[in-house]
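# Commentary on secondary and tertiary structure
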Amino acid sequence: MEPSIRARQELERLEVVAGNGLLNRRAFLRGGAAFAAAVTGYTVAGSAAAEPLKDDPWSLEMGAVTPPLQTPSRFEKHVVRTLSNPNNELRNSHARTPHHLLNGTITPNSMHFSINHSGLPDIDPAKHRLVIHGMVRQPLVFTVESLLRYPMESRMAFVECSGNSAPMFSNQPVQATAQALHGLVSCSEWTGVRLSTLLDEAGFDPKAKWVIAEGADSLALHRSVPMKKALDDAMIGLYQNGERLMPGNGYPMRLLLPGYQGNMNVKFLRRLKLTEGPAMSYYEGKIYSQLLPDGKAYRFHFLQEVKSFITHPSFGLKMNGPGYYEISGIAYSGNGRISRVMVSADGGKTWAQAALQEPVHSKAFARFRAPWRWNGGPAVLQSRAWDEAGNAQPTRAEFVAVRGETKEPVTNLLAFPNQHYNSITSWGIGSDGEIKHVYA
Amino acid sequence: MSTLKLVLAFVLALVLGSGAALAQTPRLGKPISEADIKAWDIAVMPDGTGLPPGSGTAVQGARVFAEKCSACHGEGGKGSPLAPAPLFGGAPLTSGIETPKTIGNFFGYSTIVFDFVRRAMPFSQPRTLTDDEVYAATAYLLWLNKIIGENDVMDAKTLPQVKMPNRDGFIIRFPDKI
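Residues numbered from 1 in each chain as written. Chains lettered and ligands numbered in written order. Predicted model: local features only at pLDDT ≥ 70, side-chain atom pairs only at ≥ 80, totals over all residues. Heavy atoms only, no water.

### Remarks on the packing of aromatic side chains
Taken as a whole, this structure holds 22 aromatic pairs over all chains when the rule is applied. Ring geometry for A:Phe142 against A:Tyr150: centres 6.0 Å apart, planes inclined by 75°, an arrangement best described as edge-to-face. Exposure class is identical for A:Phe142 and A:Tyr150. Each is buried. By the ring-pair criterion, three or more aromatic residues cluster together here, those being A:Tyr282, A:Tyr283, A:Tyr288, B:Phe107 and B:Phe116. Positioned above the aromatic ring of B:Phe170, the side-chain terminus of A:Arg299 is 3.9 Å from the ring centre. The residue whose ring lies beneath B:Arg173 is B:Phe174, and the NZ or CZ to ring-centre distance is 4.3 Å. (Phe/Tyr/Trp six-rings, centres within 6.5 Å; stacked < 30°, edge-to-face > 60°. Buried < 20%, exposed > 50% of the residue type's maximum accessible area, 1.4 Å probe, protein only. Lys NZ or Arg CZ within 6 Å of the ring centre and 35° of its normal.)

### Comments concerning the environment of A:Glu160
All names here are of chain A. Locating Glu 160 in the fold gives a position in strand E8 (residues 153-160). Given a relative accessible area of 1%, Glu 160 falls into the buried group. Each C-alpha atom of the pair Glu 160 and Arg 337 lies 16 Å from the other, and the pair is 177 residues apart in sequence. Glu 160 has contacts with Phe 113, Leu 184, Val 185, Gln 261, Gly 262, Gln 304, Lys 307 and Tyr 332, leaving out every residue within four places of it along the chain. (Helix = DSSP H or I, 4+ residues; strand = E, 2+ residues; numbered from the N terminus. Contact = heavy atoms within 4.5 Å.)

### Focus on the sheet that holds strand E7 (residues 140-143) of chain A
Pairing within the open sheet is mixed, and its six strands lie in the order E11(A)-E10(A)-E15(A)-E6(A)-E7(A)-E1(B). Among the strands making up the open sheet, the edge pair consists of strand E11 (222-226) of chain A together with strand E1 (30-31) of chain B. Alignment of strand E6 (residues 129-134) of chain A against E7(A), held across four bridges, turns out to be antiparallel. By the bridge assignment for E7(A), A:Arg129 is matched with A:Thr143. (Pairing = 2+ DSSP bridges.)

### Brief notes about the interface of chain B and chain A
By a frequent convention, interface size equals the accessible area lost on bringing the separate parts together. Counting residues at the interface gives 48 residues for chain B, matched by 69 residues for chain A. Summed over both sides, the interface of chain B with chain A buries roughly 5,400 Å², with 63% coming from carbon and sulfur. Three residues, B:Trp40, B:Ile97 and B:Phe123, lead the burial of chain B against chain A; their summed loss comes to 16% of the area buried on that side. With its nearest N and O atoms 2.8 Å apart, the salt bridge here joins A:Arg271 to B:Asp41. Across the contact surface, chain B and chain A share 30 residue pairs in polar contact (both at pLDDT 80 or more). Elements supplying a minimum of two residues to the side of chain B that touches chain A: E1, helix H2 (34-37), helix H5 (111-120) and strand E4 (170-172) of chain B. (Buried area = accessible area lost by both parts, 1.4 Å probe. Salt bridge = Lys/Arg side-chain N within 4 Å of Asp/Glu carboxyl O. Polar contact = N/O pair within 3.5 Å; in protein donor to acceptor, adjacent residues only side chain to side chain.)

### Digging into the layout of surface pockets
Residues and elements named next belong to chain A. Taken as a whole, the second largest pocket holds about 410 Å³ of empty space. Lining the second largest pocket are 15 residues, and of these Leu 69, Gln 70, Thr 71, Pro 72 and Ser 110 lie nearest its centre. Looking at the lining of the second largest pocket residue by residue, the classes come out as seven nonpolar, five polar and three charged. (1 Å grid on protein atoms, 1.4 Å probe; cavity = no way out; pocket = protein on both sides within 12 Å on 5 of 7 lines; lining within 4 Å. Points joined across faces, edges and corners; volume = space filled by probe spheres on them. Nonpolar A, V, L, I, M, F, W, Y, C, P; charged D, E, K, R; others polar.)

### Concerning the pairing of strand E10 (residues 210-215) of chain A
Residues and elements named next belong to chain A. Among the six residues that make up E10, six are buried, leaving the element largely enclosed by the rest of the structure. Going residue by residue along E10, you find Trp 210, Ile 212 and Glu 214 tucked away on one face and Val 211, Ala 213 and Gly 215 tucked away on the opposite face as well. Where E10 meets E11, five bridges bridge the pair, whose relative direction is antiparallel. From the neighbouring strand, Trp 210 faces E11, where its bridge partner is Pro 226. Connecting the antiparallel pair E10 and E11 is a turn made up of six residues, with Ala 220 showing a positive phi of about 45°. Two strands pair when backbone bridges link them, and E10 and strand E15 (residues 269-275) are joined in this way by six bridges, in the antiparallel orientation. Residue pairing for E15: Trp 210 is matched across the bridge by Thr 275.

### As for helix H6 (residues 131-144) of chain B
All names here are of chain B. Here H6 contains 14 residues, and its C-alpha end-to-end distance of 20 Å stays within 8% of the 20 Å for a straight helix at 1.5 Å per residue. Within H6, eleven of the 14 residues are buried, which leaves the element mostly enclosed by the surrounding structure. Of all the residues in H6, the buried ones are Glu 133, Val 134, Tyr 135, Ala 136, Ala 137, Thr 138, Ala 139, Tyr 140, Leu 141, Leu 142 and Leu 144. Buried residues along H6 sit against strand E2 (55-56), helix H3 (58-68), H5 and strand E3 (154-155). Two residues or fewer past H6, Lys 146 is found with a positive phi of approximately 60°. (Expected span 1.5 Å × (residues − 1).)

### Considering the side chain of A:Arg403
The residue A:Arg403 is located in helix H8 (residues 396-403) in this model. In this structure, A:Arg403 is buried with no salt-bridge partner, the nearest side chain bearing the opposite charge being A:Glu305 at 6.0 Å. Among the polar contacts listed, one links the side chain of A:Arg403 to the backbone oxygen of A:Gln419, at a separation of 2.6 Å. If we skip the residues at most four places from it in the chain, A:Arg403 touches A:Phe169, A:Gln290, A:Leu292, A:Pro293, A:Tyr298, A:His301, A:Asn418, A:Gln419, A:His420 and B:Ile97. (Lys, Arg positive; Asp, Glu negative; His and termini not counted.)

### Looking at empty space enclosed by the protein
All names here are of chain A. Taken as a whole and assessed by the stated rule, the structure comprises four cavities of 30 Å³ or more. Here the largest cavity is characterised by a volume of approximately 250 Å³. Looking at the largest cavity, it is lined by 22 residues, and the ones nearest its centre are Ile 115, Arg 254, Gly 262, Asn 263 and Lys 267. With three residues, strand E5 (residues 114-116) is the single largest residue contributor to the lining of the largest cavity. Its residues assigned to classes, the lining of the largest cavity comprises eight nonpolar, eleven polar and three charged. Estimated volume of the second largest cavity: approximately 60 Å³. If you go around the second largest cavity, the residues you meet are Thr 97, His 99, Leu 102, Asn 103, Gly 104, Thr 105, Ile 106, Thr 107, Ile 330, Phe 365 and Arg 367.

Take a look at the structure:
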């Protein structure tokens, strides 16, 4: 029988738009038999029938108590952050976000990444103070309570450690999950007070070019922030996804510098000093200055540049036979909105445009999705993002040409051989359905 | 005044008026004097601004280090399981992008050493060293890296004058953002 006009239209939408089975990004907007036929090769009627349905025990008895603070289902216990220093030895601690087990654009607060250079301070918000001083007309001290009375704004923003993805400086691909490779970036809705409001109240000297931001942790971690950023979109963050900041994300307040390297978003913020020059602190003078192949080093690399990676499918997940899959991942840029994400299933030979989940926020996670019909053969999945400023995520070859790679393979996934890696991630899929991290 | 000018003036007054209304902020910060901020005002700038009175030499610093630092950083700063990275030496920075950074091969400013020791060390008891001890420990670390002599006195005047070997090894990545 001739297919109906509608079925024909549906089939047209399912056109293969790039090599190795990548489908038109609009395909998933339409369901139906034609869609199932096109992506699986089987008609719905021809599929094996499902088991008859019956009631399970939980459907036949009253459930458990409704708790004041809810936690995920016991069946989701594996969805946790991975820790670098579980015994709290005298050094820094990292907790990485399990991107391959999450979806959407918001990182749950319990799973927001966290790096603490000297543990988590147990700060009493009633005693915490924020002081603004230096090149101001009048130094001012704020309590948490006073800041909670200020006009607030909410915005989406990712925060990324500039050491995120550092294992990818390895000259050989490290076999690791998206959590281990890219788990030091997360995205939240942050609510707080515009820093410019407080700087205006203190009356800043126009000659001030920098703000030294310092925390109340035992290291009194400090970073120099250009006044340009402080007066642009900087915020004193007080809430994270609607609730007060998590201790690991800076409770009771942090500096939020959307799009700038995580370490500059000083947590446990207690002091802002306006100065003419930068402090050249330990963290900007050593840790977060990136060595280049010629022996020079980048200083003040502020921006987390345009980047994307595929979370589904990815290393650690399993393919369940040929057929339809949604390729999905995260894209973001410290320069603004993500304008486009392209995906490839053949290692970058051909590309298809992915759909972006609306709304796309500036300096925040954009979730991209692309329908894919896996034919069961070898495939190499990649994503590549562009931001509204016109910056393209570099290919690995482009990136390594400028920034270099290690001489020996990286074996310690927790080490930071270098910083600010934003090139393409490739997942190789074998005929057996095994997913590996590859360079392509 | 022409009608157009009157209209413009009216519009301008409206805009300024609403602007002034928006600029009303709570003003809930309490005034404080710089003297009362002193306990927190610990950042040392590369030109030496913020350095306290006091002094120390590497010879004195060796004693401070043995007593207060070597438990983690190892004898003579060679590292230990707690803090494995040696505090001196280091390969040339052209050895590869993963070359470990040290005071000798990487730091652009001597003040970074003083500032970080004073604010963060010893790791389990930060801000317990006297300023003399911090000057001495700083001198010791600079001496270990063959940057100053064993008896060179480090103080607020001499420390910022120490020229670090990698002083000019940096490229500002985004100058337009400053």
